[in-house]
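Given next are the chains, with one letter for each unit.
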Amino acid sequence: MLTKRGEVLFGRHKLVDGMFVMIGVGASILIFLLSTSSHIFGIDFAALYAAAFFTASGQPELVYHLAEHHAFMEELYWQTVPLIPYFYGPYTLLLFWPLSYLPYWWSLGVWQGLQMGFYLVLVYKSFRRPRIVVLALCFPAVFLNVYWGQNALFSTALLLGCIYFIDRNEILAGICLGLLCYKPQLAIMCIVAVVANRKYRCLAMVVVVSGVAALSSFLLWGAPVWIAYLDAISKFADISLLDGWKLTAAVQPTLYSALRLAGVSMIEAQCLQYLCSVLLAGLVFWVWRQRSSNDALSVAILGFATMLGLSYYIQYDMLLTMVPLLYYQKAVSFPGRADYLLCGMLWVLPVLSWLLVGLSSMQIAPVVFLMALLRCLERWRRQERESAFRNIVSNR
């Protein structure tokens, strides 16, 4: 990341880019070794495919019947598989429904190819440097998604699209953000930023896209699928955050999970997590209220606040870290040692945090995200002071 001009910029220095690529490949190999002992290849995609199959067969309400859904997943693999419910709302079936018209392994390949292409195109469009695309491909969380068959490539591409278009075309930004609402917890901070920055056409398009998706699912499949989903929500909460939390504690890099691992009670950990989320939303609102167009640091603050404020996400969603990381390095012109250390820690965090939980029952991801957020805020305040000084000088 260190260039000849002393800038922290990916894609400018072959030696450092190569080092990060090698670290990324090494971390991906380590992820493969960790995953083969605990995960069946592509198993998380089976949950999407089962939902698509039930929808295409005219029984979408079975998507939220845990026993039937799990039984279908076991039929796909002809072996015992872990319980992986379909956590998403009925409107998301519109996205995944077409996948059922291909055989399972073909469908998995098409899904991975489409979302990978979408992700890489948005990375290139956002930064216009081919080597940054290579680096984005070698980020360890990419392999995690490919092996598990997950959808964070799609989520990250939508977030990149929203950020890229927010100052260029609010309608397209709103479409990306509206689609990101298939995982509403990932979109909340972005919506706060949109409101704070007075991007009302973008906000209107978010409402339109989300509303049309919800209404379409109701008109296509009726009330039973929504009733089944609402009945299943309490089961989902129990599996992910309450009694079933221990089963996925190692791959939940949230503040809530870190507090639980540290011995904090469930209720206290939830209260602290939600308090943190509210405070972070206020911080994002304050920063984006003052944001000027194409300000990279405000995007980095939004990204790290999102990762720290989420009460539930799994290791593969750490691919979203690529967005604030890339925008942070874009904004920094005169780095210090802390910047190098921070970027390095963020780069290996998807595997490092997983390893440390297994070895020491300690989750460091929230600590690293807090460090990154504080560093971004420090530089943002310095940037604001310098901008105010230049304005004073220019007005004299």
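Calculation notes
- Residues numbered from 1 in each chain as written.
- Predicted model: local features only at pLDDT ≥ 70, side-chain atom pairs only at ≥ 80, totals over all residues.
- Heavy atoms only, no water.
- Helix = DSSP H or I, 4+ residues; strand = E, 2+ residues; numbered from the N terminus.
- Buried < 20%, exposed > 50% of the residue type's maximum accessible area, 1.4 Å probe, protein only.
- Contact = heavy atoms within 4.5 Å.
- Areas by Shrake-Rupley, 256 points an atom, 1.4 Å probe, with all protein chains shown as cover.
- Axes fitted to C-alpha atoms, helices over the stretch in contact; angles between N-to-C directions.
- Parallel < 35°, antiparallel > 145°, perpendicular 65-115°, else oblique.
- Left-handed = near helix turned anticlockwise from the far one by under 90°.
- Nonpolar A, V, L, I, M, F, W, Y, C, P; charged D, E, K, R; others polar.
- Polar contact = N/O pair within 3.5 Å; in protein donor to acceptor, adjacent residues only side chain to side chain.
- Expected span 1.5 Å × (residues − 1).

## Side note on the overall build of the chain
- Helix and strand counts for the chain come out as 19 helices and zero strands.
- Here the chain holds 396 residues, and 54% of them are scored as buried.
- Residue pairs at least 24 apart in sequence account for 74% of intrachain contacts in the chain once pairs closer than 6 positions are excluded.
- When the accessible surface of the chain is split by element, carbon and sulfur atoms take 68% of a total near 17300 Å².

## Some points on unusual backbone geometry
- A positive phi angle, near 55°, is found at Trp78, a position not held by glycine.
- Residue placement: Trp78 occurs in the loop between helix 3 (66-77) and helix 4 (93-96).
- Positive phi values are uncommon outside glycine, yet Arg198 reaches one of about 60°.
- Residue placement: Arg198 occurs in the loop between helix 10 (184-196) and helix 11 (200-221).

## Some remarks on the packing of helix 8 (residues 152-165) against helix 9 (residues 170-180)
- Packing of helix 8 against helix 9 leaves a shortest axis separation of 8 Å and a crossing angle of 155°. Here helix 9 runs roughly antiparallel to helix 8, going by the angle between their axes. Of the two elements, helix 8 crosses helix 9, and the hand of that crossing is left-handed. Counted together, Ser155, Leu158, Gly161, Cys162 and Phe165 of helix 8 and Glu170, Leu172, Ala173, Cys176, Leu177, Leu179 and Leu180 of helix 9 form the full contact between these two elements.
- Residues belonging to the contact of helix 8 with helix 9 are distributed by class as follows: nine nonpolar, two polar and one charged.

## Digging into helix 9
- For helix 9, the full list of buried residues reads Glu170, Ala173, Gly174, Cys176, Leu177, Gly178 and Leu180.
- Taken together, the buried residues of helix 9 touch helix 8, helix 10 and helix 11.
- Two to three positions downstream of the cap, the backbone nitrogen of Ile171 sits 3.1 Å from a side-chain oxygen, assigning the N-cap of helix 9 to Asn169.

## Quick look at helix 8
- Taking 1.5 Å of rise per residue, the 14 residues of helix 8 would be expected to cover 20 Å, and the 20 Å separating its terminal C-alpha atoms lies within 8% of that figure.
- With 14 of its 14 residues buried, helix 8 lies for the most part within the structure.

## A few points about the side chain of Gln273
- Summarising the element assignment, Gln273 is placed in helix 15 (residues 266-289).
- When its relative accessible area of 0% is taken as the criterion, Gln273 is described as buried.

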